[in-house]
Amino acid sequence: MSDGDAFATGATVAVLTTEPLDRLLDYRVADDGVRPGSFVVVPLGPRLVMGVVWGPGRGDWDPAKIREVEAVLPLPPMPEAMRQFLQRAADYTLTPLHAMLRLATRAPDLVRPPGHRWLLRLGAGTPDRMTAARARVLAVLEDHGGLPFAPGDLAAAAGVGTGVLKGLEAQGVLERVSAPRDAPFARLDPALPGKTLTAEQAAAAAALREAAAGGYSTTLLNGVTGSGKTEVYLEAVAECLSHGRQALVLLPEIALTVDFLARVEARFGARPAEWHSGLTGAERRRVWRGVAEGAARLVIGARSALFLPFAELGLIVVDEEHDGAYKQEDGARYHARDMAVLRASIAGAAVVLASATPSLESWANAEAGKYRRLDLPHRFGAAGLPQMRAIDMRSERLAAGRWLSPTLERAVADRLAAGEQALLFLNRRGYAPLTLCRACGHQIGCRHCDARMVEHRFRRILMCHQCGASQPIPETCPECGAEDRLAAIGPGVERLGEEVAERFPDASVALLSSDLAGTARELKARIDEIAGGAADIIIGTQLVAKGHNFPLLTLVGVIDADLGLQGGDLRAAEKTFQLIRQVSGRAGRADRPGLALIQTHQPDHPVIRAILSGDQEAFWRAEAAARHQAGAPPYGRMAGVVVSAPEEARAFAVARELARRAEPLRAVGAQLFGPAPAPIARIRGRTRLRLLIKAPKGAAIQPALRAWRDSVKLPAGVRVTIDIDPQSFY
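Cut-off values and rules
Residues numbered from 1 in each chain as written. Predicted model: local features only at pLDDT ≥ 70, side-chain atom pairs only at ≥ 80, totals over all residues. Heavy atoms only, no water. Buried < 20%, exposed > 50% of the residue type's maximum accessible area, 1.4 Å probe, protein only. Helix = DSSP H or I, 4+ residues; strand = E, 2+ residues; numbered from the N terminus. Pairing = 2+ DSSP bridges. Salt bridge = Lys/Arg side-chain N within 4 Å of Asp/Glu carboxyl O. Arc of directions from axis to C-beta. Contact = heavy atoms within 4.5 Å. Axes fitted to C-alpha atoms, helices over the stretch in contact; angles between N-to-C directions. Polar contact = N/O pair within 3.5 Å; in protein donor to acceptor, adjacent residues only side chain to side chain. Expected span 1.5 Å × (residues − 1). Parallel < 35°, antiparallel > 145°, perpendicular 65-115°, else oblique. Left-handed = near helix turned anticlockwise from the far one by under 90°. Nonpolar A, V, L, I, M, F, W, Y, C, P; charged D, E, K, R; others polar. Patch = residues over 30% accessible without salt bridge, like charges linked within 9 Å, V, L, I, M, F, W, Y side chains within 5 Å. Areas by Shrake-Rupley, 256 points an atom, 1.4 Å probe, with all protein chains shown as cover. Lys, Arg positive; Asp, Glu negative; His and termini not counted. Charge placed at Lys NZ, Arg CZ, Asp CG, Glu CD. Disulfide = S-S within 2.5 Å. Phe/Tyr/Trp six-rings, centres within 6.5 Å; stacked < 30°, edge-to-face > 60°. Lys NZ or Arg CZ within 6 Å of the ring centre and 35° of its normal.

Counting buried residues in strand E25 (residues 595-600) gives 6 out of 6 residues, a clear majority hidden from the surface. Neither face of E25 is open: one carries Leu-595, Leu-597 and Gln-599, the other Ala-596, Ile-598 and Thr-600, and all of them are buried. In the sheet, strand E24 (residues 553-558) pairs with E25 via 4 bridges, with the strands oriented parallel. Directly across from Val-558, in E25, lies its bridge partner Ile-598.

Next comes the structure, spelled out in structure tokens:
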């Protein structure tokens, strides 16, 4: 039946709830108004829970025991396309369907009506005398067509105190009215002119406008840093809005949303909706309902915004599509880039994947003709790309405990003398990654994880970056009791900050790291200060690589380019290439040429050579050939499996039993490797073992994985987690 047809009274319907059950539940329709997708309240045991009508009942339950739907909630029904998306996402990621529904209803008290607030508007009375302050109040109201104002907003707009408003209200000149606390979403005007585009940008914008006006398509927008990708894809947003459809722009970090919202407001004349973990419950409820009702036409959000119930979705933009933050690493393990393509294909919407350093997956799909590709190879205006040079650390003379080479120091000094800014990049939070006792050799580790505690000297704590546990920095060694023998080993951004302050005592130094950032708005304010010249030297982690513009920045120094090349991550080369190219792209704008200096002990490493040459296509071709030969993604299928338990013996017993029962995997041509202790073998007190499944690209591994997983009965406390297309292997 179609979504518009109501189920007859007495019919049986299947309802999906967010409760951890492995099936849909049958209920009887008591009244008219129940349709496919309706949000309903149903009894479950002694409780009442919310659910969604998924379709006709299964009919495999005793009719005499079927209970009735208690109520239909006053919410727009979940569209069929959204239900299909949740089902297919659940099937692909091997996530229970109830968990996917929980992602799609992550707003508290959806049916609670919004609270009310008092506003002031023009009344029927006349003032007993007219003053300049009173005249300004009346002028503001008249200029806005008599629209009501919140008292504080009206006082601010008129430049008066609240006493003036109270006097006018007492005389009936102003009257107080009640209005819902949730303000309506402002109308976005897609007809407003955008920025003037170059011929290169205009050609790309025209292609994206054409895509946004049609049905499903995916376009890779590959543009160098500073090429104007944002202005180009906002033209696609304008086209989508002009056709009366909704648009979603995904950003990898909350920290980017504040600046981006201002750019969108300047382009369309009103502020769009936003969706991320920093919203209050009331704000989330307002946005969720606004999206479902079609009132919120444009949403700027983090990866979870993909699960909002769009009524008329026409466009999804995934900005910085290569970014690892788009992969959800716990709960429902999905990649927002891939799920965006899936959702758009079901909804008949267009997708734009934008990046200066695309993921190999997207590059390969464009090469295969699955995605259209648009290139913006030049920076906007007079700005050129920064020069890239390596500093061979094997020939630099550094004292112990020092991380700035003499060559990089001289370059920083030159920039400071010219009144320009320098950025020093080290992708390692905290002060030092290891605290070691020089008396007994003990390394201070987390009590709950197989991980070292990282010193954060600014906060005077040691912190585990796996589970978040923290403790004060001890004065004595916890192993041997020796005093004053604990030493910080290795560099972090805080330690680098100390060295920079010592080397350049007259320079203003700013530290940008996610654990020191505060809220998104506080971070935005700090970045604006730095961009305005409030710091001479910026020291940052990967936070600084993401979309921030520093007009005075002409030098980027990468402290340890070899850091990301260590370990067994199959994407190590790709991630290192992307990160260093992205952060190097911060250098230089307009009339200020940029320089990026890369400190490395491996100047002849293929990745370092590719970064220096700037030949992105050559790098992707070489990386693609290596992955193809290894049968690794995107030229093969892969799934990561973690078996965890409080006791090591129980984890090993289950992992070995899974390894013995691998026939369902072998039947589809898959290989099973392991079990073996995970690189981080204990997190939050649980022993972790890893298995890895590799299969040919066309293999249907999800049904095989499901049968394989379900063939072993799990003892209490043991968990088996399957990650399709894993991005990390810790």
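The next thing to look at is the pattern of salt bridges. Counted according to the given criterion, the structure contains 30 salt bridges. Between Asp-392 and Arg-394 there is a salt bridge, and its shortest N-O distance comes to 2.9 Å. Owing to a relative accessible area of 24%, Asp-392 belongs among the partly exposed residues under this scheme. Residue Asp-710 pairs with Arg-709 through a salt bridge whose shortest N-O separation is 3.3 Å. Exposure remark for Arg-709: the relative accessible area of 24% places this residue in the partly exposed category. Each member of the salt-bridge network shares a partner with another, and the members are Arg-209, Glu-235, Glu-239 and Arg-267.

Before going further, it helps to examine the sheet that holds strand E4 (residues 47-56). Across the sheet, 5 strands lie side by side as E2-E1-E4-E3-E5; this open sheet has antiparallel pairing. In the strand order of this sheet, the two ends are held by strand E2 (25-28) and strand E5 (71-72), each with one partner. Two strands pair when backbone bridges link them, and strand E1 (residues 12-17) and E4 are joined in this way by 5 bridges, in the antiparallel orientation. Paired with Ala-14 across the two strands is Gly-55, which belongs to E4.

Another point: unusual backbone geometry. Omega for the bond connecting Pro-633 with Pro-634 falls within 30 degrees of zero, at 5°, which places this linkage in the cis form. Considering the arrangement of structural elements, one finds Pro-634 in the loop between helix H17 (616-630) and strand E26 (636-645). The peptide bond linking Gly-674 to Pro-675 adopts the cis configuration, its omega dihedral lying at 10°. One can find Pro-675 in strand E27 (residues 671-683). Although it is not a glycine, Leu-94 adopts a positive phi angle of roughly 60°. Following the sequence through the fold, Leu-94 ends up in the loop between helix H1 (80-93) and helix H2 (97-104). Although it is not a glycine, Glu-320 sits at a positive phi angle of roughly 50°.

All right, on to helix H4 (residues 151-158) then. Of the residues making up H4, those classed as buried are Leu-154, Ala-155 and Ala-158. With its buried residues spanning 100° around the axis, H4 presents them on a single face. The inward-facing, buried residues of H4 abut strand E6 (116-122), helix H3 (132-143), helix H5 (162-170) and strand E7 (174-180). Among the residues trailing H4, Gly-159 stands out with phi positive, at a value near 70°.

Moving on, we get to the sheet that holds strand E9 (residues 246-250). Taken together, 7 strands build an open sheet; the order of strands is E10-E11-E9-E12-E13-E8-E14 and the sheet is parallel. Looking at strand neighbours, the two that pair on one side only are strand E10 (273-275) and strand E14 (372-376), the edges of this open sheet. For this sheet, the mean angle separating the axes of adjacent strands, direction not counted, is 20°. The pairing of strand E12 (residues 313-319) with strand E13 (residues 350-355) spans 5 bridges and is parallel. Looking at E13, one finds that Ile-316 is bridged to Val-351.

Look at any regular strand and the pattern is simple: side chains alternate between the two faces of the sheet. Counting buried positions along strand E3 (residues 39-44) yields 6 of 6 residues, so the element is predominantly enclosed. Alternating positions in E3 separate into two faces, Phe-39, Val-41 and Pro-43 on one and Val-40, Val-42 and Leu-44 on the other, with burial throughout. The pairing of E3 with E4 spans 6 bridges and is antiparallel. Paired with Leu-44 across the strands is Arg-47, a residue of E4. Counting the residues between successive antiparallel strands, the hairpin from E3 to E4 contains 2 residues, one of them, Gly-45, with a positive phi of roughly 65°.

Attention now goes to the side chain of Arg-690. By secondary structure assignment, the location of Arg-690 is in strand E28 (residues 686-696). A polar contact is formed between the side chain of Arg-690 and the backbone oxygen of Phe-729, at a distance of 3.4 Å. Aside from chain neighbours lying at most four places away, what touches Arg-690 is Gly-640, Val-641, Val-642, Gly-674, Pro-675, Ala-676, Ala-678, Pro-679, Ser-728, Phe-729 and Tyr-730.

Looking now at the environment of Ala-14. Its location among the elements puts Ala-14 in strand E1. Since its relative accessible area comes to 2%, Ala-14 is described here as buried. Between the alpha carbons of Ala-14 and Asp-26 there is a distance of 4.6 Å; along the sequence they are 12 residues apart. If we ignore the near neighbours within four places in the chain, the residues touching Ala-14 are Leu-24, Leu-25, Asp-26, Val-52, Val-53, Trp-54, Gly-55, Pro-56 and Gly-57.

The next thing to look at is the side chain of Ser-644. Tracing the chain through its elements places Ser-644 in strand E26. Among the residues examined, Ser-644 registers a relative accessible area of 9% and is labelled buried. With near-sequence residues (within four places) excluded, Ser-644 lies in contact with Ala-651, Arg-686, Thr-687, Arg-688, Gly-717, Val-718 and Arg-719.

Bringing helix H7 (residues 229-242) into the picture now. In this model H7 runs 20 Å from its N-terminal to its C-terminal C-alpha over 14 residues, within 8% of the 20 Å that 1.5 Å per residue would give. Positioned one or two residues after H7, Gly-244 has a phi angle of 75°, which is positive.

This part covers the packing of helix H6 (residues 199-212) against H7. Between H6 and H7, whose axes approach to 8 Å, the crossing angle comes to 30°. By the angle class used here, H6 and H7 are roughly parallel. The crossing of H6 and H7 is right-handed. Facing Gln-201, Ala-204, Ala-205, Leu-208, Arg-209 and Ala-212 of H6, the residues of H7 in contact are Val-232, Tyr-233, Glu-235, Ala-236, Ala-238, Glu-239 and Cys-240. A per-class count over the contact of H6 with H7 returns 9 nonpolar, 1 polar and 3 charged.

Time to look at the packing of helix H15 (residues 572-584) against helix H16 (residues 606-613). Contact geometry for H15 and H16: axes closest at 10 Å, N-to-C directions at 30°. In this view, H15 runs roughly parallel relative to H16, as classed from their interaxial angle. Relative to H16, H15 is oriented so that their crossing is right-handed. For the pair H15 and H16, the contacting residues are Ala-573, Thr-576, Phe-577, Ile-580 and Arg-581 in the first and Val-607, Ala-610 and Ile-611 in the second. Within the contact of H15 with H16, the residues separate by chemical class into 6 nonpolar, 1 polar and 1 charged.

This part covers a negative patch on the surface. On the surface, a cluster of negative charge is contributed by Asp-31, Asp-32, Glu-68 and Glu-70. On the secondary structure map, Glu-68 appears in the loop between E4 and E5.

This part covers the state of the cysteines. Enumeration over the complete set of coordinates arrives at 0 disulfides. The closest cysteine sulfur to the non-disulfide-bonded Cys-477 is located on Cys-437, 3.7 Å from its own sulfur.

This part takes up the packing of aromatic side chains. If you walk through the whole model with that rule in mind, you get 7 aromatic pairs. Taken together, a centroid distance of 5.6 Å and an interplanar angle of 80° make the contact between Phe-39 and Trp-288 edge-to-face. Here Trp-288 lies in helix H9 (residues 281-293) and Phe-39 lies in strand E3, a separation of 249 residues in the sequence. We note that Phe-39, like Trp-288, is buried. Feature note: the residues Phe-85, Phe-307 and Tyr-334 constitute an aromatic cluster, connected by ring pairs. The side chain of Arg-284 reaches across the aromatic face of Trp-275, ending 4.3 Å from its centre. When the ring centre of Phe-185 is taken as origin, the NZ or CZ atom of Arg-286, which lies over that ring, is 4.0 Å away.

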